[in-house]
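The residues making up each chain are set out below.
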Amino acid sequence: MTGPDGIRRCAWVGDDQEYRRYHDEEWGVPLRGDHVLFEKMALEGFQAGLSWITILRKRPRFREAFEGFDPARVAGFGPADVERLLGDAGIIRNRAKIEATISNAALVRDMADGELDELMWSFAPGGSAGERARPVAMDEVPAVTSESTALSRELRKRGFRFVGPTTMYALMQSAGMVDDHLFGCWRVM
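Note that the structure is a prediction, hence the values are computed from the model and not measured.

Overview of the overall build of the chain
- The helix and strand inventory of the chain stands at 9 helices and 0 strands.
- Walking the chain from its N terminus toward its C terminus, one meets helices and strands in the order α-α-α-α-α-α-α-α-α.
- Here the C-alpha radius of gyration of the chain, 17 Å, is about what a compact globule of 189 residues would show, namely 16 Å.
- For the C-alpha atoms alone, the extent of the chain along its principal axes is close to 50 × 35 × 25 Å.
- The contacts in the chain between residues at least 6 apart in sequence include a share of 67% that link residues at least 24 apart.
- Carbon and sulfur atoms make up 52% of the accessible area of the chain, which totals about 8800 Å².
- Charged side chains of the chain number 25 positive and 29 negative; the gap between the two group centres comes to 3 Å.

Things to note about the layout of surface pockets
- In this structure, the largest pocket spans a volume of roughly 440 Å³.
- No other element matches helix α9 (residues 165-174), which puts 6 residues into the lining of the largest pocket.
- A per-class count over the lining of the largest pocket returns 11 nonpolar, 5 polar and 2 charged.
- The calculated volume of the second largest pocket comes to roughly 170 Å³.
- Along its surface, the second largest pocket is lined by Glu25, Glu26, Val29, Pro30, Leu31, Val36, Glu39, Lys40, Leu43, Arg59, Arg63 and Ser174.
- Counting only elements with at least two residues in the lining of the second largest pocket, the list comes to α2 (34-47) and α3 (52-65).
- By residue number, the principal contributor to the lining of the second largest pocket is α2, which donates 4 residues.
- Residue composition of the lining of the second largest pocket, grouped by class: 5 nonpolar, 1 polar and 6 charged.

Quick notes on the pattern of salt bridges
- In this structure the tally under the stated criterion is 20 salt bridges.
- Close ionic contact of aspartate 16 with arginine 57 constitutes a salt bridge, the shortest N to O distance being 2.3 Å. Here arginine 57 lies in helix α3 and aspartate 16 lies in the segment before α1 (17-25), a separation of 41 residues in the sequence.
- Residue aspartate 16 is classed as partly exposed on the basis of its relative accessible area of 22%.
- We note a salt bridge from glutamate 26 to arginine 21, for which the minimum N-O separation is 2.7 Å.
- In the salt-bridge network here, residues are joined through shared partners; they are Glu18, Arg21, Glu25, Glu26 and Arg59.

What counts, and where the lines are drawn
Within every chain, residues take consecutive numbers counted from 1 along the sequence as written. Given that the model is predicted, a residue must reach a pLDDT of at least 70 before its local features are reported, and side-chain atom pairs must reach 80 or more before they are shown or counted; all residues, however, enter totals for whole chains, interfaces and linings. Based on all heavy atoms of the structure, the side-chain values leave hydrogens and waters out of the count. Put simply, DSSP marks the helices as runs of H or I at least four residues long and the strands as runs of E at least two long, and each gets a number from the N terminus on. Radius of gyration here is computed from C-alpha atoms only, and the compact-globule reference equals 2.2 Å multiplied by the residue count raised to the power 0.38. Only heavy atoms enter the contact rule, under which two residues are in contact if any of them lie within 4.5 Å. Note that accessible areas follow from Shrake-Rupley with a 1.4 Å probe, and for residues the cover is restricted to the protein chains shown. Positive charges are assigned to Lys and Arg, negative charges to Asp and Glu, while His and the chain termini are left out of the count. Where a charge lies is defined by one atom per residue type: Lys uses NZ, Arg uses CZ, Asp uses CG and Glu uses CD. With a 1 Å grid spanning the protein atoms alone, the term cavity applies to any set of points in which a 1.4 Å probe fits but cannot get out, the term pocket to an open set with protein on both sides within 12 Å along at least five of seven lines, and the term lining residue to any residue with an atom within 4 Å of a point. Grid points are joined across faces, edges and corners, and a volume is the space filled by probe spheres set on the points. Following the grouping adopted for this structure description, the nonpolar residues are Ala, Val, Leu, Ile, Met, Phe, Trp, Tyr, Cys and Pro, the charged ones are Asp, Glu, Lys and Arg, and the polar ones are all others, Gly among them. Salt bridges are defined by distance alone: a side-chain nitrogen of Lys or Arg within 4 Å of a carboxyl oxygen of Asp or Glu. Remark: exposure states derive from per-residue accessible area (1.4 Å probe, protein chains only) relative to the maximum for the residue type, with buried under 20%, exposed over 50%, and partly exposed in between.

Written out as structure tokens, the structure is:
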């Protein structure tokens, strides 16, 4: 789809300026590091059942409320923090997702430095981005893959929550583990 600025982008972007910025600057760019991947995991978990634009618009407040998604700090959140977060209209106020983010933070905190990054990237097709055919149309972009299912299974085995196969595939796309920019998009030309 050609945007109002004359640039061809993936069809999901539409006319929303924040979506255009996100598509152009973030989506599909390889993201490395435990801290940033924990944030991505948390936000993708909060997105489950909602639209990504809702999360993007709330992301600045999420970052404030969850202390920059520092796993060690979030892991220390207690019942009073859960109640504080449930009262924060600037984020998604879902108790199960808030509590999962806190427990997931404790799991990340207890991992060796670089372990979450290594674990997640080990499920990228071929170990790096771009190992499959470029999609031409949105209906060619999967919602789940064998890799996202395997990543979900491994994370769940380790105790992580809100990391289902669809959520993990969305993370893999946004973190550049797979490249689902459509053929013709300026990002792949």
